[in-house]
Every structure is written in structure tokens, then in C-alpha cells.
Amino acid sequence: MNNPKYSVVIPVYNRPDEVKELLESLLLQTQKNFEVIVVDDGSASPCEEVVKAFFELLSIRYYFKPNSGPGPSRNFGFEHAKGDYYIVFDSDCILPPGFFSSVE
């Protein structure tokens, strides 16, 4: 997506199963004008394979970087974001289908 309204930044560390549940909840959104940026913060259990399963389903990008903590990982995601607004979710979040409609 070239001009998404929202950039969803997900910093993650060793939580591939949680990321999968969050991405599944993003698939169910009624509003689709968003991109997803997953920033894997040096995990020993990376979530790259989980994210790859969503490449055809969501506008999503995956980055793996050396561990530096959640703050620098969020900032890394912001640097790669294309949206007008940034939204950060921890990997353990699950969104209701109308989340972005409510934000609007």
C-alpha cells in the first residue's frame, strides 16, 4: 500500500504465537487503509515465518534487528512507516473487527 492512513507498528521479542493472533485480528478489520510493520527485536524465537504467512493477506513488512528494547524498536518502525498516523500494538493485543472504524 503506497499511502496508508495508519501505520501499525508491532515491536516483538520472542512472541511468534502472539504475533500470529494479532495479525489474524488485523485481517478481520472492516477498515483496510493500514499497513503493518513488525519489528523483531533480536528474538531467539523470531516470527519471520509467521509474518510471511500474511504477506499476501495484509500490507505487511518484517524487520529483524539487534536487540535494543521496545522503545528503539518502535522508533525503528516509525522510521519505516508510510502512514499518516502511527499506532503501536504490543504482540499480545487482539483487536475487535471495528477498531479502525472506531478510530475514524
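Since the structure is predicted, the reported quantities are computational estimates derived from the model, not experimental observations. (Residues numbered from 1 in each chain as written. Predicted model: local features only at pLDDT ≥ 70, side-chain atom pairs only at ≥ 80, totals over all residues. Heavy atoms only, no water.)

Student: Explain unusual backbone geometry to me, using residue names and the numbers behind them.
Tutor: In this structure, Asn 14 is a non-glycine residue whose phi angle is positive, near 60°. Within the element layout of this structure, Asn 14 appears in the loop between strand E1 (6-12) and helix H1 (16-27). (Helix = DSSP H or I, 4+ residues; strand = E, 2+ residues; numbered from the N terminus.)

Student: Requested: an account of the packing of aromatic side chains, with residues and values cited.
Tutor: Scanning the model with the defined rule gives seven aromatic pairs in all. Each ring, one from Phe 99 and one from Phe 100, has its centre 5.2 Å from the other, and the planes form 85°; the classification is edge-to-face. Here the aromatic residues Tyr 6, Phe 34, Tyr 85, Phe 89, Phe 99 and Phe 100 are joined through ring pairs into a cluster of three or more. (Phe/Tyr/Trp six-rings, centres within 6.5 Å; stacked < 30°, edge-to-face > 60°.)

Student: So what's going on with the nonpolar core? Residues and values would help.
Tutor: In this structure, Leu 23, Leu 26, Val 36 and Val 38 are the most contacted members of the largest nonpolar core, which totals 22 residues. Elements with a contribution of two residues or more to this core: E1, H1, strand E2 (34-41), helix H2 (48-52) and strand E3 (60-65). (Core = buried A, V, L, I, M, F, W, Y, C linked by side-chain atoms within 4.5 Å. Buried < 20%, exposed > 50% of the residue type's maximum accessible area, 1.4 Å probe, protein only.)

Student: Describe the pattern of salt bridges, listing the residues and the values that go with them.
Tutor: Counted under the stated rule, the structure contains seven salt bridges. Here Glu 104 makes a salt bridge to Lys 5, at a shortest N to O gap of 3.0 Å. Of this pair, Glu 104 sits in the segment after helix H4 (99-103) while Lys 5 sits in the segment before E1; the two residues are 99 residues apart in sequence, bridging distant segments of the chain. Residue class for Glu 104 comes out partly exposed when judged on its relative accessible area of 47%. Take Lys 5: its relative accessible area is 25%, and that puts it in the partly exposed class. Asp 41 is the salt-bridge partner of Lys 65, the closest N and O atoms lying 2.8 Å from each other. Placement of Lys 65 in strand E3 and of Asp 41 in strand E2 is noted, with a sequence separation of 24 residues between them. Look at Lys 65 and you get buried, because its relative accessible area is 9%. (Salt bridge = Lys/Arg side-chain N within 4 Å of Asp/Glu carboxyl O.)

On their own, these measurements won't tell you what the molecule is for.
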